[in-house]
Amino acid sequence: MIDRETVIERSTELFIRNQLFNVRGYPQGGRRGITFLDTYPDNKRMERALDSNYVAIGWSTDDGGKQAELGSSLKRRLYTFDFYVFGISRVWGKNLASVIRFSAESDQVIPLVDPADPTKVIGHVDVDYCSAQQRVSATPRPWEENVWIVRLRLEDFYSSALGG
């Protein structure tokens, strides 16, 4: 069984991928496209100037959850995900960060999908907050010159009696 937190993270990543590639029509890879990374890149992978725009899911945290109703097993938990956008230029970085932010804000929900069958929607989480900001470095390496962070906070309600 896959825990709820993993379902939420994977569903959020798939939602952003779908928005970029299918809904908005950005090509995958190449100078005018986007390469999606599973994790924040290490120095070895990104030691030279960028040959593509990159999006990577970075930090993932939650607030520990709180009881949502008195006398009930209903819990409310906030999840925060940081997506890092590495642009080939300032324009590309800012544009992609904005597209991710506006995509998350468009319906105010992220559909939760079954990890075994990503076409099957099994629920949703609400978008509580979304922001995009440029990450500035005093001495950037070539791949750190146009980095943006999109912070996405999601609100989830679930029954703690079911184990999340």
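Above: the structure in question.
No experiment lies behind these values; they were computed from the predicted model shown.

Peer 1: Give a description of the packing of helix H1 (residues 4-23) against helix H2 (residues 90-107) that names residues and reports values.
Peer 2: Their axes nearest at 10 Å, the elements H1 and H2 cross at an angle of 115°. Considering the relative orientation of H1 and H2, their crossing is right-handed. Of the residues in H2, those touching H1 at Phe 15, Ile 16, Gln 19 and Leu 20 are Leu 96, Val 99, Ile 100, Ser 103 and Ala 104. The residue inventory of the contact of H1 with H2, partitioned by class, reads seven nonpolar, two polar and no charged.

Peer 1: Can you break down the nonpolar core residue by residue, with the values?
Peer 2: The nonpolar side chains of a soluble globular protein tend to be buried with one another. Ranked by size, the top nonpolar core spans 40 residues in total, and within it Leu 20, Val 55, Phe 83, Val 85, Phe 86 and Leu 154 carry the most contacts. Listed by contribution, the elements that provide at least two residues to this core are H1, strand E1 (34-37), strand E2 (53-62), strand E4 (74-86), H2, strand E5 (109-114), strand E6 (117-135) and strand E7 (147-159). The residues contacting Val 85, other than those within four sequence positions of it, are Tyr 54, Val 55, Gly 93, Leu 96, Ala 97, Ile 100, Asn 146, Val 147, Trp 148 and Val 150.

Peer 1: Tell me about H1, residues and numbers included.
Peer 2: Buried within H1 we find Val 7, Ile 8, Ser 11, Thr 12, Glu 13, Phe 15, Ile 16, Gln 19, Leu 20 and Phe 21. Two or three places before Glu 5, at the start of H1, stands the capping residue Asp 3, its side-chain oxygen 3.3 Å from that residue's backbone nitrogen. The first or second residue beyond H1 is Gly 25, which carries a positive phi of 80°.

Scoring rules and cut-offs
Residues numbered from 1 in each chain as written. Predicted model: local features only at pLDDT ≥ 70, side-chain atom pairs only at ≥ 80, totals over all residues. Heavy atoms only, no water. Axes fitted to C-alpha atoms, helices over the stretch in contact; angles between N-to-C directions. Helix = DSSP H or I, 4+ residues; strand = E, 2+ residues; numbered from the N terminus. Left-handed = near helix turned anticlockwise from the far one by under 90°. Contact = heavy atoms within 4.5 Å. Nonpolar A, V, L, I, M, F, W, Y, C, P; charged D, E, K, R; others polar. Core = buried A, V, L, I, M, F, W, Y, C linked by side-chain atoms within 4.5 Å. Buried < 20%, exposed > 50% of the residue type's maximum accessible area, 1.4 Å probe, protein only. Polar contact = N/O pair within 3.5 Å; in protein donor to acceptor, adjacent residues only side chain to side chain.

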